[in-house]
Amino acid sequence: MLWNVASKALVLSYDSGGHARNVRLGQVADNGNLQTIELGKHNGRVHKLAVQPGSPHMFYSCGEDEFVQRFDLRSNSSTKLFCCSTFTGTDNLFSSNILSLNSIIIDPRHPNYFYLGDCDQYARVYDSGGLRNFSMGVRNFFKNFRPRGI
C-alpha cells in the first residue's frame, strides 16, 4: 500500500500475489502503472527488511530459512551472506538447529553493525565490515546478548 500522508488517503494498493518468500521491488510509473521484479528469495517467509543508513540502494533481509541476504538496487542483485544457527550453551558453540530469523536492524550510528533477533533467547550483533569473504555457515558475530536468568 502507498499512502499520501498529507491527505491521509490511499494512493495505490496491489496484491503481492502471496510472494512471502520473495523479495520484490515495486516501481510506480508516472502514469500510475506498477511494475515489480523479483530481487531474490528465501526458502521460507521473509520477516524483515532493513535499509542501510546513508546508502538507499542497499538493504538486508532475514527470514525463516536462517539466511541473511544483502541486496543492491543498483545491480538488482542479492548475496546470501550467511546462515545463523542456535547456540548449544554458554561457550558460544553452535548447533545445526535452524533459526527462524524474525528481525534485522541496522545501527544508524554504526552502519556496519546489524542486529538479528530470532526464536532463541539471544540477540546477535554482526559487523558486516568483518564479513568480506562471505561463506555459508560463517558465524563470526561481533557480540551476542542474552537476558540474565534465561
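Numbering of residues starts from 1 in each chain and follows the order in which that chain's sequence is written. Residues qualify for local features only when their pLDDT is at least 70, as the model is predicted, and side-chain atom pairs are given and counted only at 80 or more; totals for whole chains, interfaces and linings, by contrast, use all residues. By convention in this description, side-chain values take in all heavy atoms of the structure and omit both hydrogens and water.

1. Quick notes on a nonpolar patch on the surface
Okay, so step 1: Think of a patch as exposed residues, more than 30% relative accessible area, with no salt bridge, where like charges cluster within 9 Å and nonpolar side chains (Val, Leu, Ile, Met, Phe, Trp, Tyr) cluster within 5 Å. Accessible surface area values rest on a Shrake-Rupley calculation with a 1.4 Å probe, where residue burial reflects the displayed protein chains alone. For salt bridges, the criterion is a side-chain nitrogen of Lys or Arg within 4 Å of an Asp or Glu carboxyl oxygen. Side chains of L2, V11, Y14, V28 and L34 sit close together on the surface and give an oily, nonpolar patch of about 420 Å² of accessible area.
Okay, so step 2: Put simply, DSSP marks the helices as runs of H or I at least four residues long and the strands as runs of E at least two long, and each gets a number from the N terminus on. Looking at where L2 falls in the secondary structure, it is placed in strand β1 (residues 2–4).
Okay, so step 3: Given a relative accessible area of 42%, L2 falls into the partly exposed group. Accessible area is worked out with a 1.4 Å probe on protein chains only. A residue is then buried under 20% of its type maximum, exposed over 50%, and partly exposed in between.

2. Notes on the side chain of S61
Okay, so step 1: By the element assignment, S61 lies in strand β6 (residues 58–63).
Okay, so step 2: By relative accessible area, S61 is classed as buried at 0%.
Okay, so step 3: Within 3.5 Å is the distance limit for a polar contact, defined as a pair of N or O atoms, with the added protein rule that one can donate a hydrogen and the other accept it, and that residues adjacent in sequence qualify only through two side-chain atoms. A distance of 2.7 Å separates polar atoms of two side chains, one belonging to S61 and the other to H42.

3. Some points on the confidence of the model for the protein chain
Okay, so step 1: Summary of the metric used: pLDDT quantifies the predictor's per-residue confidence within the range 0 to 100. Here the protein chain averages 77 in pLDDT, and 73% of its residues register 70 or above.
Okay, so step 2: Residues are treated as being in contact if the distance between any of their heavy atoms lies within 4.5 Å. Scored below 50 in pLDDT, residues 90–94 makes 13 contacts in the model with residues more than four places away or belonging to other chains.

4. As for the environment of D127
Okay, so step 1: Relative to the helices and strands, D127 is located in strand β13 (residues 123–127).
Okay, so step 2: Among the residues examined, D127 registers a relative accessible area of 23% and is labelled partly exposed.
Okay, so step 3: Along the backbone, D127 and N112 are 15 residues apart, and their C-alpha atoms lie at a distance of 5.4 Å.

5. Observations concerning the packing of aromatic side chains
Okay, so step 1: The aromatic pairing rule takes the rings of Phe, Tyr and Trp, using the six-membered ring of Trp, and pairs them if the centres are within 6.5 Å, calling planes under 30 degrees apart stacked, those over 60 edge-to-face and the rest tilted. The full count for this structure, using the stated rule, is 3 aromatic pairs.
Okay, so step 2: Relative to F71, the ring of F59 lies with its centre 4.8 Å away and its plane at 10 degrees, an arrangement referred to as stacked. Note that F59 is positioned in strand β6 and F71 in strand β7 (residues 67–72), a separation of 12 residues in sequence.
Okay, so step 3: The class for F59 is buried, based on a relative accessible area of 11%.
Okay, so step 4: F71 sits in the buried class, given a relative accessible area of 0%.
Okay, so step 5: Here a set of aromatic residues connected by ring pairs shows up, and it is made of Y60, F114 and Y126.

6. Re the pattern of salt bridges
Okay, so step 1: Overall, the coordinates contain 4 salt bridges when judged by the stated rule.
Okay, so step 2: Two residues, E64 and R45, come together in a salt bridge whose shortest N-O distance is 2.6 Å. Remark: R45 occurs in the loop between β4 (34–41) and β5 (46–51) and E64 occurs in the loop between β6 and β7; sequence separation between them is 19 residues.
Okay, so step 3: Given the relative accessible area of 25%, E64 is considered partly exposed.
Okay, so step 4: Note on R45: relative accessible area 46%, which makes it partly exposed.

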